[in-house]
Amino acid sequence: MSHSSYSSREPKRLLERAAAMMPDGAVMPREQAQALIEKVVKMSKADEIAVNVNSGYQADVRFAANQMTTAGGVVNGTVTVQSTFGKKHAAAVTNDISDESLRRTVEQSEALAKLSPDDPETMPGLGPQTYLPVNGYFDSTANLSPEDRARASLTALEPARRAGDLKAAGFIVVNASANALGNSKGLFAYSRSTNANYTLTVRTDDGTGSGWAGAEHPDWKQLDFAGLSARAIDKARLSRNPVAIEPGRYTVILEPQAVGDLVQLMGFALAARAADEGRSAFAKQGGGNKIGEKIVDSRVSIFSDPQDPQLLAQPYDGQGLPLSRQVWVENGVLKQLFYSRFWAQKQSKQATGFPSSIKLEGGTTSMDDMIKSTPRGVLVTRLWYLRPVDPRTILFTGLTRDGTFLIENGKISKAIKNFRFNESPLFLLSNLEALGPAVRIGGTEQGGPVVMPPIKAKDFNFTSLSDAV
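Quick notes on the rules
Residues numbered from 1 in each chain as written. Predicted model: local features only at pLDDT ≥ 70, side-chain atom pairs only at ≥ 80, totals over all residues. Heavy atoms only, no water. Helix = DSSP H or I, 4+ residues; strand = E, 2+ residues; numbered from the N terminus. Rg over C-alpha atoms; globule rule 2.2 N^0.38 Å. Buried < 20%, exposed > 50% of the residue type's maximum accessible area, 1.4 Å probe, protein only. Contact = heavy atoms within 4.5 Å. Areas by Shrake-Rupley, 256 points an atom, 1.4 Å probe, with all protein chains shown as cover. Expected span 1.5 Å × (residues − 1). Bend = angle between axes of the 7 residues up to and from the residue. Salt bridge = Lys/Arg side-chain N within 4 Å of Asp/Glu carboxyl O. Phe/Tyr/Trp six-rings, centres within 6.5 Å; stacked < 30°, edge-to-face > 60°. Lys NZ or Arg CZ within 6 Å of the ring centre and 35° of its normal. Polar contact = N/O pair within 3.5 Å; in protein donor to acceptor, adjacent residues only side chain to side chain. Pairing = 2+ DSSP bridges. Axes fitted to C-alpha atoms, helices over the stretch in contact; angles between N-to-C directions. Core = buried A, V, L, I, M, F, W, Y, C linked by side-chain atoms within 4.5 Å.

Asks: Mind showing me how you'd approach the overall build of the protein chain here?
Replies: Secondary structure assignment for the protein chain yields 12 helices and 19 strands. Against the compact-globule benchmark of 23 Å for 469 residues, the protein chain has a radius of gyration of 24 Å, which places it among compact chains. Its C-alpha atoms put the protein chain at 70 × 65 × 35 Å along the principal axes. Evaluated residue by residue, the protein chain yields a buried proportion of 52% over its 469 residues. The long-range fraction of contacts in the protein chain, counting pairs at least 24 apart against all pairs at least 6 apart in sequence, stands at 74%. For the protein chain, the exposed surface amounts to about 20500 Å²; the carbon and sulfur share of it is 48%.

Asks: When you look at helix α6 (residues 146-163) in this model, what are you seeing that I'm missing?
Replies: Note on helix geometry: an α-helix contains 3.6 residues per turn, so any two residues three or four positions apart are oriented the same way. End to end, α6 covers 26 Å across 18 residues, agreeing with the expected 26 Å (1.5 Å per residue, within 8%). A bend of about 40° at L154 is the largest found in α6. The set of residues buried in α6 consists of P146, R149, A150, A152, S153, L154, A156, L157, E158 and A160.

Asks: What is the right way to look at the pattern of salt bridges in this model?
Replies: One side chain can pair with another of opposite charge once the charged atoms of both are near each other. In the structure shown here, the tally under the stated rule is 22 salt bridges. Residue E48 pairs with K185 through a salt bridge whose shortest N-O separation is 3.4 Å. Separated by 137 residues along the polypeptide, E48 in strand β1 (residues 48-64) and K185 in the loop between β4 (166-183) and β5 (188-204) bring together distant segments of the chain. Look at the salt bridges and you will find they share partners, linking E121, R273, E277 and R279 into a network.

Asks: Teacher, can you tell me more about the packing of aromatic side chains here?
Replies: Between two aromatic rings, the relevant description is the distance of the centres plus the angle of the planes. All chains considered together, the criterion is met by 13 aromatic pairs. Ring geometry for W220 and F225: centres 4.6 Å apart, planes at 40°, overall tilted. Here F225 falls in the buried class, since its relative accessible area comes to 8%. Ring geometry for F419 against F462: centres 4.4 Å apart, planes inclined by 25°, an arrangement best described as stacked. One end of the pair, F419, is in strand β15 (residues 418-423); the other, F462, is in strand β19 (residues 455-466), and 43 residues separate them in sequence. Here the aromatic cluster, defined as three or more aromatic residues joined through ring pairs, consists of Y250, F419, F421, F460 and F462. The side chain of R192 reaches across the aromatic face of Y137, ending 3.6 Å from its centre. Here R401 stacks its cationic end above the ring of W384, 4.2 Å away from the centre of that ring.

Asks: What am I meant to see in helix α8 (residues 256-267) here?
Replies: For α8, which comprises 12 residues, the first-to-last C-alpha distance of 16 Å matches the rise-based estimate of 16 Å (1.5 Å per residue) to within 8%. Taken as a whole, α8 has its buried residues at P256, Q257, A258, V259, G260, D261, L262, V263, Q264, L265, M266 and G267.

Asks: What should I look at first to understand the side chain of S83 in this one?
Replies: The residue S83 is located in strand β2 (residues 67-85) in this model. Residue S83 is classed as buried on the basis of its relative accessible area, which comes to 0%. Polar side-chain contacts of S83 include one of 2.6 Å to the side chain of S109. The contacts of S83, once residues within four sequence positions are left out, are A46, E48, I49, K88, H89, A90, V106, S109, E110 and A113.

Asks: Sorry, what's going on with the sheet that holds β4 here?
Replies: Where strands meet in a sheet, backbone hydrogen bonds hold them as pairs that are either parallel or antiparallel. The strand order β3-β2-β1-β4-β5-β6 describes an open sheet built from 6 strands, whose pairing is antiparallel. Sheet topology places β3 (88-94) and β6 (210-217) at the edges, where each strand pairs with a single neighbour. Averaged over neighbouring strand pairs, the angle between their axes works out to 15° when direction is ignored. Of the pairings in the sheet, the one linking β4 to β5 comprises 17 bridges and is antiparallel in character.

Asks: It is not clear to me how the nonpolar core should be interpreted in this structure. Could you clarify?
Replies: In terms of nonpolar packing, the biggest core is built from 55 residues, with F282 and I302 touching the most fellow members. Ranked by the residues each element gives to this core, the list is headed by α8, at 6 residues. Not counting the four nearest positions on each side in its chain, F282 is found in contact with M266, A269, L270, A275, G288, N289, K290, I295, L334, L337, I394 and L426. Among the nonpolar cores identified, the runner-up in size contains 31 residues, and A150, L200, W220 and A236 belong to it.

Asks: I tried to follow the pairing of β2 on my own but got confused; where do I start?
Replies: Residues in a regular strand project their side chains so that they alternate between the two faces of the sheet. Here β1 pairs with β2 via 17 bridges, running antiparallel. Residue pairing across strands places G56 opposite N76, the latter belonging to β2. Once β1 ends, the chain turns through 2 residues before running back antiparallel as β2, passing A65 with a positive phi of about 50°. As judged from the 7 bridges shared by β2 and β3, these two strands associate in the antiparallel manner.

Asks: Any chance you could explain the environment of G209 here in plain terms?
Replies: Note that G209 resides in the loop between β5 and β6. Separated by 24 residues in the primary sequence, G209 and I233 place their C-alpha atoms 9.9 Å from one another.

Asks: What's the story with the sheet that holds strand β17 (residues 439-440) in this structure? I'm lost.
Replies: Pairing is mixed in the open sheet, where 6 strands are placed in the order β10-β9-β8-β11-β18-β17. Two strands lie at the open edges of the sheet, namely β10 (333-334) and β17, each paired on one side alone. In the sheet, strand β9 (residues 326-330) pairs with β10 via 2 bridges, with the strands oriented antiparallel. By the bridge assignment, E330 is partnered in β10 with V333. Here α8 sits on the sheet in contact with β8 (302-304), β9, β11 (358-360), β17 and β18 (450-452), set at roughly 120° to β18.

This is the structure we're talking about:
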């Protein structure tokens, strides 16, 4: 796409409102963040003080009804100060890093802490830690211009306009950010990262068809905008005039986004405390937990790893506890649960911290081969509006959306109306028939780096029909 053809068709004023690239100083360098934290720590009169500094720049382009609607950029910066007196603690936040503001924020956090009730689970601050190196910051993302983002949006807008009977709506958002943690015990952690996210919905003018595609990656260059846009457009066309089929248990082929929408929720259920207290799917009857037991199909392995090239997550949690590779499920067996510092101390275990990413290892079966091997089944693009039903089984309810299709005799035969489902990632992964290559998905309701494969599984529980497109 030439510059001239672009500028002649899009509202230039939207681009002129945004800076040409990331503003200088938006992402606070390590040395500046450390000096800021040390300054705040010296202002403290509390028994302990912890300081969290976030800085960065978010830029976006939004479009709808085949037109660019907004383009802009926002510089973000906050300093959170938590003061502790004995078992009392409280926090205050500012976005003004002048000495006067920082001193006032420290004083406010101290005053609030003294008024707070005792927290029996308060843990002392961590001392200096060692963190894994993670290179999750890409200049290709940080230095994008508004025009770069607008050009990417044209991969959806131009073909939708040419079609004449399609409407495209999408959002391209990029972030460059840094986080720093420090405290009065000598802890200091610093991580900077970038992220680019693209989500697109294409609707047919008759209101019966809808297609969706999305992806994200720390490196802008890894996003195939043209491919994603073409996929959403094809889905919209194929999903026209859906027919109703009876709810029930079906063989399903879930695209990676649909798998991530459901399976990611399993990560939040891996808390050791909930299992030890008998409140989770991983609690053993009569006491204890299911570590060492087979809980899903033997082809399933789930892990978190800040250094995995598809994840590139922050290598520490919100308290500064180092995060390393953690295998939760290996060959279908529950290998470990995550421990907070408080619960680890109480149970005489090692604290793991809360996982900042999740990946389900993939297989080698393509989606085309999954479809060809299916006499009758349902292909699902993505899931939506997931809400918990039973934490003891990780059972969730939700809806299919933006492209649901019937498979007959190894081929996609027709578009079908959306379903409501009641399903658990444990049931899904126990009924596994095939796994495809894992990819980083376009984000879920919970957020964070998520890598999932497409899955073929039997007996997925569709409970009712939905007239929503």
